[in-house]
Amino acid sequence: MPGSPRPNPRTSPAKAPLSLDAIVAAALDLIDELGCDAVSMRRVAQALDTGSASLYVYVSDRRELMLSTHDLAVAAVELPTDGDGDWRARLELLVDRIVATLATHRDLAAVGFTEAPTGPHMLRLIEEMLRLLRLGGIQDAASAWAVDLLGQYIASAALEAAARTGTEPVDATAARLDAVYQALPAESYPTIRAVAPLLTSGGSARAAWKLRVIIDGLLAQS
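Residues numbered from 1 in each chain as written. Predicted model: local features only at pLDDT ≥ 70, side-chain atom pairs only at ≥ 80, totals over all residues. Heavy atoms only, no water.

A.B. asks: Where do I start with the overall build of the protein in this structure?
C.D. replies: On a plain count of helices and strands, the protein comes out with 11 helices and zero strands. Put simply, the protein runs from its N terminus to its C terminus through helices and strands in the order α-α-α-α-α-α-α-α-α-α-α. A compact globule built from 222 residues would reach a C-alpha radius of gyration of about 17 Å, whereas the protein, at 24 Å, exceeds it by more than 25%. In terms of overall dimensions, the protein has a C-alpha envelope of 95 × 50 × 35 Å along the principal axes. Looking at the protein residue by residue over its 222 residues, the buried ones come to 31%. (Helix = DSSP H or I, 4+ residues; strand = E, 2+ residues; numbered from the N terminus. Rg over C-alpha atoms; globule rule 2.2 N^0.38 Å. Buried < 20%, exposed > 50% of the residue type's maximum accessible area, 1.4 Å probe, protein only.)

Shown next as structure tokens:
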């Protein structure tokens, strides 16, 4: 009809602007859904509705992206306060919090085995670990090496905790392993057979024991 206003054309929602934060967040979402192996520059670009080349403006390669993703994950870790106890109690609590946080992101903790994460959020945690170790009287050389040892413990404990939330319940995993050990011929594996139930027991108490042994060893060295 002459003079009638023309309808506005249908438009799609505006695409969010690309940024380093958006890229790292998309990579973390992929890890949470499918695991680290699913993360590639191409898949992250697809998730952001852009081309892979656009990502290289913000990250140099997949390695840098994975390190940034690990750093984003640990940003949620809260530092213990003076009200949480002495230096040792705070150190144990801090380590437990890092483990629990990484365990919510599938196998992301594995990055800590092959790399030394040094993003701003991880540096904040390392700074606090070193401060608490020195507060406990641990010598500087031992404190420096202890951060590496604690990092390996954190990575392994987080991966183990993440696995316990997988498809096989922890009790079923323990029962399966116990059956394997018990089926071994006693003449060839007498010690495994003797301690078989203990090899699959412990749960959270086992994790606490491991950390306690590490700290006890540091104190004994000092």
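Resuming the write-up.
A.B. asks: Help me understand the pattern of salt bridges, please; the structure alone is not making it clear to me.
C.D. replies: Think of it this way: side chains of opposite charge can pair up when their charged atoms draw near. Across all of its chains, the model carries seven salt bridges by this definition. Arg63 is the partner of Glu115 in a salt bridge, and the nearest nitrogen-oxygen pair spans 3.0 Å. Linking Glu115 in the loop between helix 6 (111-114) and helix 7 (120-135) with Arg63 in helix 4 (residues 62-74), this pair joins segments that are 52 residues apart in sequence. On the basis of relative accessible area, Glu115 is assigned to the partly exposed category, the value being 25%. What makes Arg63 partly exposed here is its relative accessible area of 49%. Ionic pairing is found between Asp140 and Arg134, a salt bridge with its closest N-O pair at 2.9 Å. (Salt bridge = Lys/Arg side-chain N within 4 Å of Asp/Glu carboxyl O.)

A.B. asks: Is there a simple way to think about the environment of Leu123 in this case?
C.D. replies: Of note, Leu123 is situated in helix 7. Leu123 sits in the partly exposed class, given a relative accessible area of 43%. Sequence spacing of Leu123 and Asp71 is 52 residues, and the spatial spacing of their C-alpha atoms is 9.1 Å.

A.B. asks: Can you help me understand helix 1 (residues 20-34) in this one?
C.D. replies: Residues spaced three or four apart along an α-helix face the same direction, because each turn holds 3.6 residues. Taking 1.5 Å per residue, 15 residues should reach 21 Å; helix 1 reaches 21 Å between its end C-alpha atoms and fits that length. Among the residues making up helix 1, those that are buried are Ile23, Val24, Ala26, Ala27, Leu28, Leu30 and Ile31. Next to the buried residues of helix 1 lie helix 2 (41-47), helix 3 (52-55) and helix 4. The first or second residue beyond helix 1 is Gly35, which carries a positive phi of 100°. (Expected span 1.5 Å × (residues − 1). Contact = heavy atoms within 4.5 Å.)

A.B. asks: Before we go on, may I ask you to explain unusual backbone geometry in this structure?
C.D. replies: Leaving glycine out, the prevailing phi sign among residues is negative, and the prevailing peptide bond configuration is trans. You will see that Asp49, though not glycine, has its phi angle at about 55°, which is positive. Within the fold, Asp49 resides in the loop between helix 2 and helix 3. Phi angles above zero are rare outside glycine, and Arg106 is one such case at about 50°. Judged by its relative accessible area of 41%, Arg106 falls in the partly exposed class.

A.B. asks: So what exactly am I meant to see when it comes to a nonpolar patch on the surface here?
C.D. replies: There is a patch of nonpolar side chains on the surface, built from Leu20, Val57 and Tyr58 and spanning about 270 Å² of accessible area. You can see Tyr58 is positioned in the loop between helix 3 and helix 4. Among the residues examined, Tyr58 registers a relative accessible area of 32% and is labelled partly exposed. (Patch = residues over 30% accessible without salt bridge, like charges linked within 9 Å, V, L, I, M, F, W, Y side chains within 5 Å. Areas by Shrake-Rupley, 256 points an atom, 1.4 Å probe, with all protein chains shown as cover.)

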